[in-house]
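One-letter residues, chain by chain:
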Amino acid sequence: MLFQKVRYYFARKEESIPINVQSSFLKRLSDLLKEGYTFHESVSMLLPFHVKKSELIIQRVIEVHKSGSDVSEVFKLLGFPKRLILPISLAGKHGNLQETVSVLGVQSAIFENARKRMNTLLMYPLFLFGVIFLLFTVFRIYFLPHMESLLGTRNSIDTGSTIVWTNVLLQLPNFFLIGISTIVVLIFAFIFGMSKRDIKTRLNIYSRIPIFNSWYYLFLTRVFSREMGGLIESGMSIQQAFDALVSQKENMTIQYIANQMKGKIVHGESFSQAAMLLNYFTEDFYLFVTHGENSGYLGRELSLYSEFLTERIESKISKYLSILQPTLFIILAIFIIGAYLAILLPIYEMINIV
């Protein structure tokens, strides 16, 4: 079973577009669509440059096209994540496929640049951490037993406490690894537990987690305002736009929120009042929606607000990445100081004995 999963993973890897080039694929696809090429022609032209088994995938794309399936099925076939499938699926309803692909290309490029920057920032500190971990291991195996024999820890309480502190200091990288591993396991356990709960419970729990809730509402509001704005701008009524969001199956959270807002609007609430009552969005979302209702350009206001949130996300990511590397170097500095103390403490103890 495991062998089959591994084979399937590597097979899909050769049949899908790698994550690091998805943004460039979307950008080129948008350019070709803007020049007047059909979606099928554009994809067929680009696939040989982005997929290893391009002939096989082109044949599958042709089959999807002949079956009359939505263009989102092509993106699923090419390995695009769910967060990109939803706007593509809705683009088939509001008809602005080229604009949607262009926006997604920009957003994917932002996250791709952030990922590359994070990899660059982490590369050197992680290398240093590996070297320090190796040195600490060598100290524990060779240095510490030798010091114990020299100091005669079995006969001296003072020297015994010195060796204990030395041993603790040499365990600092292990403590750090255990802590990080525990956090990762807890995160995966939390994600697994949340996947078993209904959407309403998830939203209530997410709203109580500091820091995480601001990020979650930021991404959620951006997706909702982008999709709702695109649907309204295409000429749909608010009721039809909500029906489109409720009928989609790509993002169940957006489906739930749209269904809740639709219910409130049916009972006489305005769009802005429904958004405020649900309280699932960023703090200033209500102000933009109210301004859009008053001006009569609600769809455009929502689309602009989505772009504004994209810039805010990019700014926040850059801010967090800017403090990531200094934080890692501070941790490394603590390890290095610990190594010096681990070596010096037994030496000072030997001097005192002499």
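Just so you know, these numbers come straight off a predicted model, no measurement behind them. (Residues numbered from 1 in each chain as written. Predicted model: local features only at pLDDT ≥ 70, side-chain atom pairs only at ≥ 80, totals over all residues. Heavy atoms only, no water.)

1. Observations concerning helix H15 (residues 285–295)
Taken together, the buried positions of H15 are Phe285, Val289 and Gly292. Projected down its long axis, H15 shows its buried positions confined to an angular sector of 60°, all on one face. In H15, the exposed positions angled more than 90 degrees off the buried face are occupied by Leu287 and Asn294. Of the residues flanking the end of H15, it is Gly296, one or two places downstream, whose phi is positive at about 85°. (Buried < 20%, exposed > 50% of the residue type's maximum accessible area, 1.4 Å probe, protein only. Helix = DSSP H or I, 4+ residues; strand = E, 2+ residues; numbered from the N terminus. Arc of directions from axis to C-beta.)

2. As for the packing of aromatic side chains
A full pass over the atoms with the stated rule returns 26 aromatic pairs. Judged by centre distance (6.4 Å) and plane angle (35°), the rings of Phe224 and Phe271 are tilted. You can see Phe224 sitting in helix H11 (residues 212–233) and its partner Phe271 sitting in helix H14 (residues 271–278), a full 47 residues away along the chain. Exposure remark for Phe224: the relative accessible area of 0% places this residue in the buried category. In textbook terms, an aromatic cluster arises when at least three aromatic residues are bridged by ring pairs, as seen for Phe224, Phe242, Phe271, Phe281, Phe285, Phe288, Tyr305 and Phe308. Positioned over the ring face of Phe111 is Arg83, at 5.4 Å from the centre of the ring. A cation over a ring is seen here: Lys316 above Trp215, with NZ or CZ 4.7 Å from the ring centre. (Phe/Tyr/Trp six-rings, centres within 6.5 Å; stacked < 30°, edge-to-face > 60°. Lys NZ or Arg CZ within 6 Å of the ring centre and 35° of its normal.)

3. Observations concerning the packing of H11 against helix H13 (residues 252–266)
Where H11 contacts H13, the two axes come as close as 11 Å, and the packing angle between them is 70°. Comparing their axes, H13 and H11 come out roughly perpendicular. For the pair H11 and H13, the sense of crossing is right-handed. In this structure, H11 uses Tyr216, Leu220, Val223 and Phe224 to contact H13, whose residues at the interface are Thr253, Ile254, Ile257 and Met261. A class-by-class count of the residues in the contact of H11 with H13 yields seven nonpolar, one polar and no charged. (Axes fitted to C-alpha atoms, helices over the stretch in contact; angles between N-to-C directions. Parallel < 35°, antiparallel > 145°, perpendicular 65-115°, else oblique. Left-handed = near helix turned anticlockwise from the far one by under 90°. Contact = heavy atoms within 4.5 Å. Nonpolar A, V, L, I, M, F, W, Y, C, P; charged D, E, K, R; others polar.)

4. Digging into a nonpolar patch on the surface
Nonpolar side chains collect at one region of the surface, where Val164, Trp165, Val168, Phe175, Ile178, Ile337, Leu341 and Leu345 lie side by side and expose about 760 Å² of accessible area between them. At the level of secondary structure, the elements contributing two or more residues to the nonpolar patch comprise helix H8 (157–170), helix H9 (172–195) and helix H16 (298–353). Considering the arrangement of structural elements, one finds Phe175 in helix H9. Judged by relative accessible area, which is 46%, Phe175 ranks as partly exposed. (Patch = residues over 30% accessible without salt bridge, like charges linked within 9 Å, V, L, I, M, F, W, Y side chains within 5 Å. Areas by Shrake-Rupley, 256 points an atom, 1.4 Å probe, with all protein chains shown as cover. Salt bridge = Lys/Arg side-chain N within 4 Å of Asp/Glu carboxyl O.)

5. A look at the confidence of the model for the chain
A residue-level look at the chain finds 89% of positions with pLDDT of 70 or above and a mean pLDDT of 81. When mean pLDDT is compared element by element in the chain, helix H2 (residues 22–35) scores highest at 89, while helix H1 (residues 2–15) scores lowest at 57. (pLDDT = per-residue confidence, 0-100.)

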